[in-house]
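Next come the chains, spelled out residue by residue.
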Number of protein chains: 4
Amino acid sequence: MKRIISVCGSDGSDEDLSSYALQTAEQIGMLIAQHDAVVVCGGRGGIMEATCKGAKKNNGVTVGLLPASKQEANAYIDIALPTNLGSMRNFLVVNVADVVIAIAGRWGTRNEISFAKILHKPLILIQGTGGCVDSLVQNNMVTNSPPCHIVNSGKEAMSKALEYLK
Amino acid sequence: MKRIISVCGSDGSDEDLSSYALQTAEQIGMLIAQHDAVVVCGGRGGIMEATCKGAKKNNGVTVGLLPASKQEANAYIDIALPTNLGSMRNFLVVNVADVVIAIAGRWGTRNEISFAKILHKPLILIQGTGGCVDSLVQNNMVTNSPPCHIVNSGKEAMSKALEYLK
Amino acid sequence: MKRIISVCGSDGSDEDLSSYALQTAEQIGMLIAQHDAVVVCGGRGGIMEATCKGAKKNNGVTVGLLPASKQEANAYIDIALPTNLGSMRNFLVVNVADVVIAIAGRWGTRNEISFAKILHKPLILIQGTGGCVDSLVQNNMVTNSPPCHIVNSGKEAMSKALEYLK
Amino acid sequence: MKRIISVCGSDGSDEDLSSYALQTAEQIGMLIAQHDAVVVCGGRGGIMEATCKGAKKNNGVTVGLLPASKQEANAYIDIALPTNLGSMRNFLVVNVADVVIAIAGRWGTRNEISFAKILHKPLILIQGTGGCVDSLVQNNMVTNSPPCHIVNSGKEAMSKALEYLK
């Protein structure tokens, strides 16, 4: 059975999404694939697409839990799973994960972070990527204690994730 | 068809839940019933129970969208709907509402607030009740602009809710 | 807490739906209300609407678990709960019930009947109403043994249901 | 993006499950993998396990949409997705598929077949495998007309499936 890392973050309509956040997502995708884990995400654009793009660079496997139809999938999704659950699919993205990584993000990402907290999932927030991740960290609304970790880079995020994949 | 107000907030296991928050919930329940709207909630203890208790004082109707079984319902639930959806039911609590009111709360309430934002539901936060509601308000993580409203009392919350029930 | 009887059957687009099936549904609705139980259904036309119409004649309470939006509710629904689950809501219609009654029906009703069997819910099929109910009975695909009952009229269905509501 | 074939059928607790049905499932799994499609199923034993076993013989990819936890997955599941949806996950098994194949089965399989009909999914029933598939076919409760096909072997099922994967 493959290990699963779910990556949450803004879709492509987020105008505040930085190049740094996207590069970090792509790096995370490459690292997940390199360690033979599967990328799960909401299957759409922005952070999700960048992560999948990275994973495919290293021949990884990408799964998209889509709101409604396969047509919504980004170009790097291998296994497109249309859920018909709309934003309720956020629960699935988190529930299936061995580790959840959050990058930038808006209300959808906050929703996924809250599900991670409710479900006591290992959760890694990459600060410096903007959006709700930075906002939650700066306002001390998440604490840096297991199984929640605030890290400073994609590389550090992957190191922390690996502790939970052993 | 009845109008529906969903009330979100901590369950009975929240040790930080104040008497003021519970009194506010009970008052909201009374006001919802007085205005012939239906209370929908997650069906359990704490804020949910206090709201239902208030509603029943005025012969209101209370609906509980429960995580797993009817046995979880508080004593003031008329219509207990076990969803088998666990915390995914938070989506339903928000989606069925004409207006969502949040009081105190922890990660489950944050989850419901984020669903309200995602679904563009009228959302009313009663500040001064503690928990995630106060934390979100104090850190300017929600703005006081329609359809999101930050109010100071149960009475003010109901006045605002009525604007959306016309 | 109110007892809940869920009623399943064809929506208004079923051209084979007989007057007898609709009259039976209306009678069932009247009887459910008379015995102070709540009608739950998929909230739309046909059998669902006839049942709700009957319930309202006796001042009963009707709940509609709708596929997508409140606008889909028939005119006799008191509490319209849009689930955003599409036909997955069939599970909820069955899961929340103390007893499930099926009248006529097509694939949606077969879907609900199969959920009733999976969940070991008390299930009452009113034969003579046509559709999948008659087809399942005639082909011996359901057995008349507790908690599944094959009955011949609305009145008999309610008598049987009451055994489970004691 | 990979094509997805969902395979439905009895789990390992079905005492009427024949060796022929299991062999057919394993053959289907091998053929799906050979044609580079992904096997999706409910992730458990019986028909699901046999299909996954076949797929892995040809280095295919197998996805299990599990009721509750990863521990329920059979030994041949690559990507175990615990849904927390219980039997409501049946909807997902069908909804994500390009083609649905049913073998033997009981009420869970009938549930999935009814979802396939509701969602107008290409559906292939392999007669001769027993259970609800044979029962539905023998009682003319499903018609052999597109997109529903009644076939006589795993090989014929795959040929038919390929018509929809073009």
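Now for a quick tour of the structure. No experiment lies behind these values; they were computed from the predicted model shown. (Residues numbered from 1 in each chain as written. Chains lettered and ligands numbered in written order. Predicted model: local features only at pLDDT ≥ 70, side-chain atom pairs only at ≥ 80, totals over all residues. Heavy atoms only, no water.)

**Here's the deal with the relation of the copies chain D and chain C**
Stage number 1. Between chain D and chain C, which share one sequence, the superposing operator has a rotation angle of 180° and an axial displacement of 0.0 Å; the RMSD is 0.0 Å. What the superposition gives is, in effect, a two-fold axis relating one chain to the other. Closest to the rotation axis within chain D is the C-alpha of N111 of chain D, separated from it by 2.6 Å.
Stage number 2. In this assembly the copies share their binding face: 100% of the residues contributing to the interface of chain D also contribute to that of chain C. (Least-squares fit on C-alpha atoms with pLDDT ≥ 70 in both. Contact = heavy atoms within 4.5 Å.)

**Some details on the nonpolar core**
Stage number 1. Counting 128 residues, the largest nonpolar core has I113 of chain A, I113 of chain B, I113 of chain C together with I113 and L125 of chain D as its most contacted members.
Stage number 2. Non-local contacts of I113 of chain D, meaning those with residues more than four positions away in its chain, are made with W107 of chain C together with A102, L123, L125, C132, V133 and L136 of chain D. (Core = buried A, V, L, I, M, F, W, Y, C linked by side-chain atoms within 4.5 Å. Buried < 20%, exposed > 50% of the residue type's maximum accessible area, 1.4 Å probe, protein only.)

**Describing the sheet that holds strand 1 (residues 4-9) of chain B**
Residues and elements named next belong to chain B.
Stage number 1. Strand order in this open sheet of seven strands is 4-3-2-1-5-6-7, and the pairing throughout is parallel. In this open sheet, the two strands that pair with only one neighbour each are strand 4 (79-82) and strand 7 (148-151). Sheet twist, expressed as the mean angle between neighbouring strand axes with direction ignored, is 20°.
Stage number 2. Where strand 6 (residues 123-126) and strand 7 come together, four bridges link them in parallel fashion. Its bridge partner lying in strand 7, I124 is registered against H149. (Pairing = 2+ DSSP bridges. Helix = DSSP H or I, 4+ residues; strand = E, 2+ residues; numbered from the N terminus. Axes fitted to C-alpha atoms, helices over the stretch in contact; angles between N-to-C directions.)

**Side note on the side chain of K121 of chain D**
Residue and element names in this part refer to chain D.
Stage number 1. Within the secondary structure, K121 is located in the loop between helix 4 (107-118) and strand 6 (123-126).
Stage number 2. Of the side chains with opposite charge, D98 lies nearest to the buried K121, which makes no salt bridge, at 6.0 Å.
Stage number 3. There is a polar contact of 2.7 Å between the side chain of K121 and the backbone oxygen of A97. (Lys, Arg positive; Asp, Glu negative; His and termini not counted. Salt bridge = Lys/Arg side-chain N within 4 Å of Asp/Glu carboxyl O. Polar contact = N/O pair within 3.5 Å; in protein donor to acceptor, adjacent residues only side chain to side chain.)

**Overview of the sheet that holds strand 7 (residues 148-151) of chain A**
Residues and elements named next belong to chain A.
Stage number 1. Pairing in this open sheet of seven strands is parallel, and the strands run 4-3-2-1-5-6-7 from one edge to the other. The open sheet has two free edges, formed respectively by strand 4 (79-82) and strand 7, since each of these has just one partner strand. In this sheet, neighbouring strand axes are inclined to one another by 20° on average, regardless of whether the strands run parallel or antiparallel.
Stage number 2. Inspection of the sheet shows strand 3 (residues 62-66) paired to strand 4 by four bridges, in the parallel sense. Residue pairing for strand 4: L66 is matched across the bridge by P82.
Stage number 3. On the sheet, helix 4 (residues 107-118) packs against strand 1 (4-9), strand 5 (99-103), strand 6 (123-126) and strand 7 and is oriented at approximately 145° with respect to strand 6.
Stage number 4. In this fold helix 5 (residues 131-138) packs onto strand 5, strand 6 and strand 7, with an angle of close to 100° to the strand it touches most, strand 6.

**Describing the environment of L136 of chain B**
Stage number 1. As for its placement among the helices and strands, L136 of chain B is situated in helix 5 (residues 131-138).
Stage number 2. Sequence-wise, L136 of chain B and R110 of chain B are 26 residues apart; in three dimensions their C-alpha atoms are separated by 8.8 Å.

**Considerations on the pattern of salt bridges**
Residues and elements named next belong to chain B.
Stage number 1. Applying the stated rule across the entire model yields 32 salt bridges over all chains.
Stage number 2. Between D11 and R106 there is a salt bridge, with the nearest N and O atoms lying 3.3 Å from each other. Pair noted here: D11 is in the loop between strand 1 and helix 1 (19-34) and R106 is in the loop between strand 5 (99-103) and helix 4 (107-118), with a separation of 95 residues, a long-range link.
Stage number 3. According to the relative accessible area criterion, D11 is buried, its value standing at 19%.

**Thoughts on helix 1 of chain B**
All names here are of chain B.
Stage number 1. Between its first and last C-alpha atoms helix 1 spans 22 Å; for 16 residues at 1.5 Å apiece the expected length is 22 Å, and the two agree.
Stage number 2. If you check which residues of helix 1 are buried, you get A21, T24, A25, E26, I28, G29, L31, I32 and A33.
Stage number 3. As for helix 1, its buried residues are in contact with strand 1, strand 2 (38-41), helix 2 (47-57), strand 5, strand 6 and helix 6 (154-165). (Expected span 1.5 Å × (residues − 1).)

**Comments concerning the packing of aromatic side chains**
Stage number 1. For the coordinates displayed, the defined rule picks out six aromatic pairs over all chains.
Stage number 2. With 5.9 Å between their ring centres and 70° between their planes, F115 of chain A and F115 of chain B make a pair best called edge-to-face. Of the two residues, F115 of chain A is situated in helix 4 and F115 of chain B in helix 4; the pairing between them involves two chains. In terms of burial, F115 of chain A and F115 of chain B fall into one category: buried.
Stage number 3. Put simply, the rings of F91 and F115 of chain A together with F91 and F115 of chain B pair up and form one aromatic cluster.
Stage number 4. The ring of W107 of chain B has R110 of chain B lying over it, and the distance from NZ or CZ to the ring centre is 4.0 Å. (Phe/Tyr/Trp six-rings, centres within 6.5 Å; stacked < 30°, edge-to-face > 60°. Lys NZ or Arg CZ within 6 Å of the ring centre and 35° of its normal.)

**Considerations on the environment of Q127 of chain D**
All names here are of chain D.
Stage number 1. As for its position among the elements, Q127 is in the loop between strand 6 and helix 5 (131-138).
Stage number 2. Along the backbone, Q127 and S153 are 26 residues apart, and their C-alpha atoms lie at a distance of 7.6 Å.
Stage number 3. Side chain to side chain, Q127 and N152 meet in a polar contact 2.8 Å long.

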